[in-house]
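Below, each chain spelled out in residue letters.
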Amino acid sequence: MDEYTREPCPYRIVEDAGSAFAMGLIGGSLFHSFGGFKQSAQGQKLRGMISNVRMRSPLTGVQFAAWGGMFSTIDCAMVAIRKKEDPLNSIMSGTLTGALLALRSGPKMMAVSGVLGGVILGMIEGVGLVMNRWMSSQMFDPTAPAPELEDPRNLPSSPASSQVHDAGVSSSSSTVNKSEFLAI
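By the naming in an unreviewed UniProt entry, the chain goes by Mitochondrial import inner membrane translocase subunit TIM17 and is assigned to Steinernema carpocapsae. Listed under Function (unreviewed entry) in UniProt, the entry text for the chain is "Essential component of the TIM23 complex, a complex that mediates the translocation of transit peptide-containing proteins across the mitochondrial inner membrane." The UniProt entry for the chain carries the following text under Subunit (unreviewed entry): "Component of the TIM23 complex, at least composed of TIM23, TIM17, TIM50 and TIM21."

Dropping the structure here:
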């Protein structure tokens, strides 16, 4: 999705927090179902999976929503401060979000989480820039003129097309008429 077609900032925060919650809930359900299956006793695997998913997946969804909501809030603040929307805002938002969410763990953990958040968002933005550049190249430009196609009647003939033998019908010309082809 193009950055310029996103929702305005107050709505973007709610949208990003909600979609992050959904991703955390779905991904957490898959992840925690494996843990519940592994930890359950023989004969109680399904019940253990369901119990583990019910207990832990909502927490994973809330953690994702907290990250997504804080990231979007900081991103909107960066757009308001810098007066432009570019990849640097996302990278700085990822750094600050990682650091602020690790605030209670001490300054060392804050620094590590901040750097990790910035690196992850830097990689995401880098991949996004590469993909945008690749997609906007001449190969995928919908406004570019269509390439000139050669007329198949002007192509050099191959030995197989110069002589058509089937049920006594032959043609010595380099091309085969449609009626001749259908008669074969």
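1. Some details on unusual backbone geometry
Here the phi dihedral of K83 falls at roughly 60°; this positive angle occurs in a residue that is not glycine. The residue K83 is located in the loop between α2 (45-82) and α3 (87-101) in this model.

2. Observations regarding the UniProt feature "transmembrane region" (unreviewed entry) in the chain
Listed under "transmembrane region" (unreviewed entry) in the UniProt record, and renumbered for this structure, are residues 20-37, 58-81 and 109-130. End C-alpha to end C-alpha, residues 109-130 measures 31 Å, and it is 100% helix and 0% strand.

3. A few points about a nonpolar patch on the surface
Together, V115, L116, V119, I120, M123 and I124 line one region of the surface with nonpolar side chains, adding up to about 560 Å² of accessible area. Mapped onto the elements, I120 comes out in helix α4 (residues 107-135).

4. With respect to the packing of aromatic side chains
Summed over the entire model, instances satisfying the criterion amount to one aromatic pair. Between W67 and F71, the ring centres sit 5.4 Å apart and the planes meet at 10°, which makes this aromatic pair stacked. Taken together, the positions of W67 and F71, both in helix α2 and four residues apart, correspond to about one turn of that helix. Classification of F71 as buried rests on a relative accessible area of 12%. The ring of F37 carries K45 above its face, with NZ or CZ at 4.9 Å from the centroid.

5. Notes on α2
With 38 residues, α2 should cover 56 Å at 1.5 Å per step; its first-to-last C-alpha distance of 53 Å lies within 8% of that length. The axis of α2 is deflected most strongly, by about 30°, at R56, and proline P58 appears within four residues downstream.

Conventions we followed
- Residues numbered from 1 in each chain as written.
- Predicted model: local features only at pLDDT ≥ 70, side-chain atom pairs only at ≥ 80, totals over all residues.
- Heavy atoms only, no water.
- UniProt positions renumbered as here; feature names shortened; annotations may be inferred.
- Helix = DSSP H or I, 4+ residues; strand = E, 2+ residues; numbered from the N terminus.
- Patch = residues over 30% accessible without salt bridge, like charges linked within 9 Å, V, L, I, M, F, W, Y side chains within 5 Å.
- Areas by Shrake-Rupley, 256 points an atom, 1.4 Å probe, with all protein chains shown as cover.
- Salt bridge = Lys/Arg side-chain N within 4 Å of Asp/Glu carboxyl O.
- Phe/Tyr/Trp six-rings, centres within 6.5 Å; stacked < 30°, edge-to-face > 60°.
- Buried < 20%, exposed > 50% of the residue type's maximum accessible area, 1.4 Å probe, protein only.
- Lys NZ or Arg CZ within 6 Å of the ring centre and 35° of its normal.
- Expected span 1.5 Å × (residues − 1).
- Bend = angle between axes of the 7 residues up to and from the residue.

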